[in-house]
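Residue strings, one per chain:
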Amino acid sequence: MLTLKRLDIQDAHALIAGARAKAQEIGVPMCIAVTDESGNLIAFERMDGGNITSIGLAIDKSFTAAGVQKGTDVLGEVNQPGMPAHGISSTLGGRMVTVAGGLPVFADGVVVGGIGISSGSPAQDLQVAQAAVAAFSNDKMLEE
């Protein structure tokens, strides 16, 4: 038997709140997705003005980050021609996203989920995802 650590709905809301705060600060309405450690959607928010085409991207960024346990920006680096993971974005029905904005979420050194952000530039999406993870980590440290 395995015992798994997994984000719960309160954790997902904390991640979304952290992302929303950063998105508001930089003035870019985002689509924000939070998945569990298996890449299954827990919560989603499309801020007013978030791009319709970014809904699926945010969810798939979170799915990818949780599944590969790395940021989608890192996966993007190894998905270039001649690199070891070139073409990976065409796998799993195209769900593997290699554009910045997806990050795994860790607790006690274990991946417990993922967050995916989309609607801004790749750099803005990554910045918002990083802020969400930092806010979540700070909340968890305060609880201990």
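These lines cover the structure that appears in this document, whether it is placed above or below. (Residues numbered from 1 in each chain as written. Predicted model: local features only at pLDDT ≥ 70, side-chain atom pairs only at ≥ 80, totals over all residues. Heavy atoms only, no water.)

### Re the pattern of salt bridges
Between side chains of opposite charge, a pair can form when the charged atoms approach closely. Inspection of every chain in the model, using the stated rule, returns seven salt bridges. In this structure, Arg-20 engages Glu-45 in a salt bridge whose closest nitrogen and oxygen atoms are separated by 2.8 Å. With Arg-20 in helix H1 (residues 9–26) and Glu-45 in strand E2 (residues 41–46), this residue pair connects regions lying 25 residues apart in the sequence. Its salt-bridge partner being Lys-61, residue Asp-125 comes within 2.9 Å of it at the nearest N-O pair. Remark: Lys-61 occurs in helix H2 (residues 54–68) and Asp-125 occurs in helix H4 (residues 122–143); sequence separation between them is 64 residues. Salt bridges sharing common partners tie together Arg-6, Asp-36 and Glu-37. (Salt bridge = Lys/Arg side-chain N within 4 Å of Asp/Glu carboxyl O. Helix = DSSP H or I, 4+ residues; strand = E, 2+ residues; numbered from the N terminus.)

### A few points about unusual backbone geometry
Non-glycine residue Leu-92 carries a positive phi angle of around 55°. By the element assignment, Leu-92 lies in the loop between helix H3 (72–77) and strand E3 (102–107). Owing to a relative accessible area of 55%, Leu-92 belongs among the exposed residues under this scheme. Residue Ser-119 is not a glycine yet carries a positive backbone phi of 140°. Looking at where Ser-119 falls in the secondary structure, it is placed in the loop between strand E4 (110–118) and H4. (Buried < 20%, exposed > 50% of the residue type's maximum accessible area, 1.4 Å probe, protein only.)

### Focus on the pairing of E3
As judged from the six bridges shared by E3 and E4, these two strands associate in the antiparallel manner. If you follow Phe-106 over to E4, its bridge partner there is Val-111. Connecting E3 to the antiparallel partner E4 that follows it, the hairpin turn spans two residues, and Asp-108 within it adopts a positive phi of roughly 55°. (Pairing = 2+ DSSP bridges.)

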